[in-house]
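# Descriptive structure summary
In case you want the letters, here they are:
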Amino acid sequence: MSHASSTREIPGAGDVPRHVAIIMDGNGRWAKGRRLPRIAGHRRGVDAVRATVRGCAERGIEFLTLFAFSSENWRRPAEEVALLMQLFQAALSNEVEKLHKSGVRLKVVGDTTRFDPKIRRLIQQGEHLTADNRQLTLTVAANYGGRWDIMQALSKLMKEKGSLNEVQEEMLSPYLAMSYAPEPDLFIRTGGEQRISNFLLWQLAYTELSYRRRERRFGRTSDQLQDAKRAEVA
Ligand code: IPE
Ligand code: IPE
Ligand code: MG
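Let me sum up the structure you'll find in this document.

Conventions we followed
- Residues numbered from 1 in each chain as written.
- Chains lettered and ligands numbered in written order.
- Predicted model: local features only at pLDDT ≥ 70, side-chain atom pairs only at ≥ 80, totals over all residues.
- Heavy atoms only, no water.
- Near = heavy atom within 4 Å.
- Polar contact = N/O pair within 3.5 Å; in protein donor to acceptor, adjacent residues only side chain to side chain.
- Areas by Shrake-Rupley, 256 points an atom, 1.4 Å probe, with all protein chains shown as cover.
- Phe/Tyr/Trp six-rings, centres within 6.5 Å; stacked < 30°, edge-to-face > 60°.
- Buried < 20%, exposed > 50% of the residue type's maximum accessible area, 1.4 Å probe, protein only.
- Helix = DSSP H or I, 4+ residues; strand = E, 2+ residues; numbered from the N terminus.
- Expected span 1.5 Å × (residues − 1).
- Contact = heavy atoms within 4.5 Å.
- Salt bridge = Lys/Arg side-chain N within 4 Å of Asp/Glu carboxyl O.

## As for the site of ligand 1
Taken together, Met24, Asp25, Gly26, Asn27, Gly28, Arg29, Arg38, His42, Ala68, Asn73, Arg76 and Leu84 are the residues near ligand 1. Between ligand 1 and the protein, one listed contact pairs an oxygen atom with a backbone N or O atom of asparagine 27 at 3.1 Å. One nitrogen or oxygen atom from the side chain of arginine 38 is found 2.9 Å from an oxygen atom belonging to ligand 1. A total of 380 Å² of accessible area belongs to ligand 1 in isolation, and the protein chains cover 86% of it.

This is the structure:
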């Protein structure tokens, strides 16, 4: 199934966002503030993920996307990277069955070729087990970068089409890693920073940074929306 592109069409905008994308940041600072090692913050991060998944499922949100590890996070100290990998592996081993029971479909996006074979196997098994679940689609972005995504999509597209002259915007999205999901309606970053940090660059074009009190205009004016609403009522 293909989804509306926010720049090519005007998507519907309901009360509850269909797709929420979150950068769960601030783990290290949370731990430091408590004089704990950074990894203690990452462990608490896993608890926060559990609570967030539950909250989204209860509210009828269809897609939740979490940034777990960016393509730039390899630049961190080797010890922290190793501990994050251990935590990722443990979370996959311990949580997938529970997710499955709650009707959650698990997807992992990013260049997973750089992960340990054990982690890759757990990802494959988890995605396979939960593939038919529809309560909520939980996407974990791991070794993900928005630029990587655009480039891998472009390279697949070019392989099929050959020449750049023929390429149009809507031809790229089916090749993006999250082609199965609509563009996010809401983007949240915890921890206080106001940065995208190479998350979903293409898909965040019209994503709101806060949602309910916003008027979603998709490039139009406020007057146009009011007119459209009046026409609907009449
Ligand atoms: C987010 O928390 C988790 C990962 C990037 C894996 P951080 O580790 O970035 O925590 P801060 O931002 O340093 O506090
Ligand atoms: C973004 O957080 C990536 C994840 C949370 C996985 P970072 O903490 O790595 O981002 P910067 O370095 O503050 O931009
Ligand atoms: Mg951070």
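## Side note on the packing of aromatic side chains
On inspection of all chains with the given rule, the structure shows nine aromatic pairs. When the ring of tyrosine 144 is compared with that of tryptophan 148, the centres are 5.9 Å apart and the planes differ by 75°; the resulting orientation is edge-to-face. You can call tryptophan 148 partly exposed: its relative accessible area is 29%. Ring plane angle 50° and centroid distance 5.6 Å describe the contact between tyrosine 206 and phenylalanine 218, whose orientation is recorded as tilted. Placement of tyrosine 206 in the loop between β5 (186–189) and α7 (222–233) and of phenylalanine 218 in the loop between β5 and α7 is noted, with a sequence separation of 12 residues between them. A residue is classified by how much of its surface remains accessible, and tyrosine 206, at 34% relative accessible area, is partly exposed. Classification of phenylalanine 218 by relative accessible area gives buried; the value is 12%. These aromatic residues form a ring-pair network of at least three members: Phe67, Tyr144, Trp148, Phe187 and Phe199.

## Thoughts on helix α2 (residues 38–58)
If you check α2, its first and last C-alpha atoms are 31 Å apart, about what 21 residues at 1.5 Å a residue would give, namely 30 Å. Within α2 the residues assigned to the buried category are Ile39, Ala40, Gly41, His42, Gly45, Thr52, Val53, Gly55, Cys56 and Ala57. Tucked inside the fold, the buried residues of α2 contact β1 (19–23), α1 (27–33), β2 (63–70), α3 (78–101), β3 (104–109) and β4 (136–144). At the exit of α2 stands glycine 60, carrying a positive phi of roughly 80°.

## What about the environment of threonine 137?
Inspection of the secondary structure puts threonine 137 in strand β4. A residue is classified by how much of its surface remains accessible, and threonine 137, at 3% relative accessible area, is buried. Sequence spacing of threonine 137 and alanine 231 is 94 residues, and the spatial spacing of their C-alpha atoms is 35 Å. If near-sequence neighbours (up to four positions away) are discounted, threonine 137 is found in contact with Glu62, Phe63, Leu64, Arg105, Lys107 and Tyr180.

## Quick notes on the pattern of salt bridges
Overall, the coordinates contain 16 salt bridges when judged by the stated rule. In this structure, arginine 29 and glutamate 193 form a salt bridge, with 3.6 Å as the shortest nitrogen-oxygen distance. Remark: glutamate 193 occurs in the loop between β5 and α7 and arginine 29 occurs in helix α1; sequence separation between them is 164 residues. Classification of arginine 29 by relative accessible area gives partly exposed; the value is 41%. A single network of salt bridges, built from pairs that share partners, joins Asp25, Arg29, Arg189, Glu193 and Arg195.

## Concerning the site of ligand 2
Close to ligand 2 lie Ile23, Met24, Asp25, Phe67, Ala68, Phe69, Ser70, Asn73, Arg76, Arg189, Arg195 and Ser197, which account for all nearby residues. Side-chain polar atom of serine 197 to an oxygen atom of ligand 2: 2.6 Å apart, as the coordinates give it. Burial of ligand 2 by the protein chains amounts to 78% of its free accessible area of 390 Å². If you tally residues by element for the shell around ligand 2, the top one is β2, at four residues.

## Structural notes on the environment of glycine 41
As for its placement among the helices and strands, glycine 41 is situated in helix α2. Residue glycine 41 is classed as buried on the basis of its relative accessible area, which comes to 3%. Measuring from C-alpha to C-alpha, the distance between glycine 41 and lysine 156 comes to 38 Å, with 115 residues separating the pair along the chain. Those residues in contact with glycine 41 that lie beyond four places of it in its chain are Asn27, Trp30 and Ala31.

## Quick look at α7
Given 3.6 residues per turn, any residue in an α-helix points the same way as the ones three and four places further on. Look at α7: 17 Å from first C-alpha to last across 12 residues, which is about the 16 Å you get at 1.5 Å a residue. Across the 12 residues of α7, one count as buried, placing the element largely on the outside.

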